[in-house]
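Fold and contact review
Below are the chains, spelled out letter by letter.
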Amino acid sequence: MKEEHEINFSIDYSEKTIDHISNPRNVGVVNNYNGRGKIGEEGCGDICEITILVEDELIKDIKFIVDGCAEAVATSSALTELVKGKLCEDALKLTDDDVVEFLGGLPENKKHCSLLGVRALTQAIYDYWLS
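Residues numbered from 1 in each chain as written. Predicted model: local features only at pLDDT ≥ 70, side-chain atom pairs only at ≥ 80, totals over all residues. Heavy atoms only, no water.

1. A word on the overall build of the protein chain
Per the secondary structure count, the protein chain includes five helices and three strands. Reading the helices (α) and strands (β) of the protein chain from amino to carboxyl end gives α-β-β-β-α-α-α-α. Every one of the 131 residues in the protein chain was classed for burial, and the buried ones make up 44%. (Helix = DSSP H or I, 4+ residues; strand = E, 2+ residues; numbered from the N terminus. Buried < 20%, exposed > 50% of the residue type's maximum accessible area, 1.4 Å probe, protein only.)

Now the structure itself:
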């Protein structure tokens, strides 16, 4: 994950979005993960990797690494908070709009960043189920 994320404060970010950009949660790789997903967004060059530890279909731990923009960091961080402790089946129902709503909105041209985490999570869950 890039060490510094430039935030354009002329854009009206919610306090929650700024908090997730400045203090992302669940960064890194889960020890002994049993599901992994990695997605790259060709249009903007952002990459998101999510690792999960699932026990009895429950996401016990989840972490992410993002190489990308501040909004991709915020949405991936928010995603981990939204699904940690949930059943895999329920986590798969989460949409990018749910993540954006949780953060209090994003600029229209940055909403695609929320897809990275959701798609990487889906891949991680299917990786768990298929292994």
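2. Overview of a negative patch on the surface
Where like charges cluster on the molecular surface, the negative patch consists of Glu55, Asp56, Glu57 and Glu89. Inspection of the secondary structure assignment puts Glu55 in strand 2 (residues 47-55). A relative accessible area of 40% means that Glu55 is categorised as partly exposed. (Patch = residues over 30% accessible without salt bridge, like charges linked within 9 Å, V, L, I, M, F, W, Y side chains within 5 Å. Areas by Shrake-Rupley, 256 points an atom, 1.4 Å probe, with all protein chains shown as cover. Salt bridge = Lys/Arg side-chain N within 4 Å of Asp/Glu carboxyl O. Lys, Arg positive; Asp, Glu negative; His and termini not counted. Charge placed at Lys NZ, Arg CZ, Asp CG, Glu CD.)

3. Here's the deal with the side chain of Glu71
Tracing the chain through its elements places Glu71 in helix 2 (residues 70-83). Discounting residues that sit within four places of it in the chain, Glu71 has contacts with Tyr13, Leu106, Lys110 and Cys113. (Contact = heavy atoms within 4.5 Å.)

4. Looking at the confidence of the model for the protein chain
When the pLDDT values of the protein chain are averaged, the result is 90; 89% of them are 70 or greater. Looking over the protein chain, one finds the lowest element-wise mean pLDDT in helix 5 (residues 113-130), namely 93, and the highest in helix 3 (residues 88-91), namely 98. (pLDDT = per-residue confidence, 0-100.)

5. Side note on the packing of aromatic side chains
If you walk through the whole model with that rule in mind, you get one aromatic pair. For the ring pair Tyr126 and Trp129, a centre distance of 5.2 Å and an interplane angle of 85° mean the geometry is edge-to-face. A residue pair is termed a helical-turn pair when its members lie 3 or 4 positions apart in one helix, as Tyr126 and Trp129 do in helix 5 at three residues. Residue Tyr126 is classed as partly exposed on the basis of its relative accessible area of 41%. Of note, Lys16 hangs over the ring of Phe102, and the distance from its end group to the ring centre comes to 3.9 Å. (Phe/Tyr/Trp six-rings, centres within 6.5 Å; stacked < 30°, edge-to-face > 60°. Lys NZ or Arg CZ within 6 Å of the ring centre and 35° of its normal.)

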